[in-house]
Each structure stands twice: as structure tokens, then as C-alpha cells.
Amino acid sequence: MPFNPIAVLVAALATLLVGFVWYNPKVFGTIWMNETGMTEEKAKQGNMLKIFGFTILFSLMISLAVPGLVIHQMGAFGMIGGDLNKALPSYTAFIADYGDAFRTYKHGALHGFMSGLFIAFPILGVNAMFDQKSWKLLFVTAGYWIVTLTIMGAIICGWK
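A short tour of the structure in this document, coming up. (Residues numbered from 1 in each chain as written. Predicted model: local features only at pLDDT ≥ 70, side-chain atom pairs only at ≥ 80, totals over all residues. Heavy atoms only, no water.)

Here's the deal with the packing of aromatic side chains
Now for step 1: All told, the structure shown has 9 aromatic pairs when counted by the stated rule.
Now for step 2: By the ring-pair criterion, three or more aromatic residues cluster together here, those being Tyr 23, Trp 32, Tyr 144 and Trp 145. (Phe/Tyr/Trp six-rings, centres within 6.5 Å; stacked < 30°, edge-to-face > 60°.)

What about the environment of Ser 63?
Now for step 1: Structurally, Ser 63 can be placed in helix α4 (residues 48–70).
Now for step 2: The exposure class of Ser 63 is buried, given its relative accessible area of 0%.
Now for step 3: Placed 93 residues apart in sequence, Ser 63 and Ile 156 show a C-alpha to C-alpha distance of 8.2 Å.
Now for step 4: What Ser 63 contacts, discounting residues up to four positions off in sequence, is Val 8, Ala 11, Ala 12, Met 152 and Ile 156.
Now for step 5: Within the structure, the side chain of Ser 63 is placed 3.0 Å from the backbone oxygen of Leu 60, a separation counted as a polar contact. (Helix = DSSP H or I, 4+ residues; strand = E, 2+ residues; numbered from the N terminus. Buried < 20%, exposed > 50% of the residue type's maximum accessible area, 1.4 Å probe, protein only. Contact = heavy atoms within 4.5 Å. Polar contact = N/O pair within 3.5 Å; in protein donor to acceptor, adjacent residues only side chain to side chain.)

Description of a nonpolar patch on the surface
Now for step 1: Taken together, the side chains of Leu 69, Leu 110, Phe 113, Met 114, Phe 118, Ile 119 and Ile 123 define a hydrophobic patch exposed on the protein surface, amounting to about 650 Å² of accessible area.
Now for step 2: If you tally residues by element for the nonpolar patch, the top one is helix α7 (residues 105–131), at 6 residues.
Now for step 3: Looking at where Leu 110 falls in the secondary structure, it is placed in helix α7. (Patch = residues over 30% accessible without salt bridge, like charges linked within 9 Å, V, L, I, M, F, W, Y side chains within 5 Å. Areas by Shrake-Rupley, 256 points an atom, 1.4 Å probe, with all protein chains shown as cover. Salt bridge = Lys/Arg side-chain N within 4 Å of Asp/Glu carboxyl O.)

Remarks on the nonpolar core
Now for step 1: Counting residues in hydrophobic clusters, the biggest one holds 18 residues, and the most contacted among them are Val 66, Val 70, Ile 71 and Ile 156.
Now for step 2: Residue assignment for this core shows that the elements contributing at least two residues are α1 (5–22), α4, α5 (73–79) and α8 (135–158).
Now for step 3: If you tally residues by element for this core, the top one is α8, at 5 residues.
Now for step 4: Contact partners of Ile 156, with chain neighbours within four places excluded, come to Ala 7, Val 8, Ala 11, Ser 63, Val 66, Pro 67, Val 70, Ile 71 and Arg 103. (Core = buried A, V, L, I, M, F, W, Y, C linked by side-chain atoms within 4.5 Å.)

Coordinates in, geometry out; function isn't part of it.
Encoded structure:
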């Protein structure tokens with residue numbers, strides 16, 4: 001299999017770790033609260049089980065898509081329809097020759113960063129413009145996803 005399912009799970013959980021740091025009041029949490037109008041009281045009213053449950057679910061969905069963005073060999077895997085039992089000997093030979101090519105934490109981080117910058121940032125930017133949110137909020141939320149996708153890419157690509 002071209003990717004490690006445990007790495008995908010760890011990458012999904014990394015979104016929480018990065019969020020705990022990123023949205024800490026000593027980092028960007030105060031800016032985020034001011035820009036969204038969130039208060040301590042309003043935050044405490046949220047259903048934490050629902051919020052964190054869906055956060056983990058959505059993070060897992062993202063981390064399942066990340067291998068296709070950061071692991072080049074996923075293209076070859078996709079060409080055989082994802083069924084290793086139907087793979088021709090040429091696929092096996094290709095993976096034997098190139099299975100570890102560009103499978104490093106550094107390369108995964110690069111592609112994760114590019115995914116954050118060229119996918120997440122524009123999506124959030126469009127939403128921010130229509131929602132008439134501030135540039136400051138856009139940069140805080142997009143920055144979170146750029147950093148998070150960089151870390152996710154590193155974990156998924158490098159952890160074989």
C-alpha cells in the first residue's frame with residue numbers, strides 16, 4: 001500500500017494539536033476571538049462533544065485526501081484502480097524501483113505547504129470575502145491550515 005493508515009490517523013489528530021497551540025490566547029486565539037466576536041462565555045456554551053467529534057471526523061476526511069496530494073506514487077496506485085490484486089508486473093516493478101522516491105518528511109511538508117497555500121487559502125479567501133470577514137481573520141485561519149497541512153503532509157509522506 002502506498003501510504004501508512006496509522007500516519008493518516010496521526011495526521012488527522014495533529015490538527016487538534018496545532019489548533020490548541022495556534023488558537024491559544026498567547027498565539028492567535030485573542031485575535032481570532034476579537035475578529036469573530038467570540039467570547040469566553042459563548043465558547044463555553046458550545047457542545048464540545050459535537051464540536052470536537054466533527055472536528056476529528058472532518059480532519060480524518062482531510063487526512064484521507066492528503067496522500068493524493070503529497071505522495072507521488074498514489075498516481076500509479078490510482079492507475080491500477082486501487083486493487084493490488086489486479087496489478088500487472090509492471091506496477092510491481094515500478095514500485096520496486098520508485099516506491100520510496102520523494103517519500104520524505106521534507107517533501108511531504110513542501111507539498112502540504114503548497115496545498116495549504118494554493119487550495120485552503122483561496123477557498124477560505126473566497127468565503128471571507130463573501131462573508132465580509134476581515135483580512136486579519138483570513139490570515140489567522142488560513143495560516144492555521146497552511147501550517148496544519150504542512151505538518152499533515154510531512155507525517156503522511158515521510159512515515160512509511
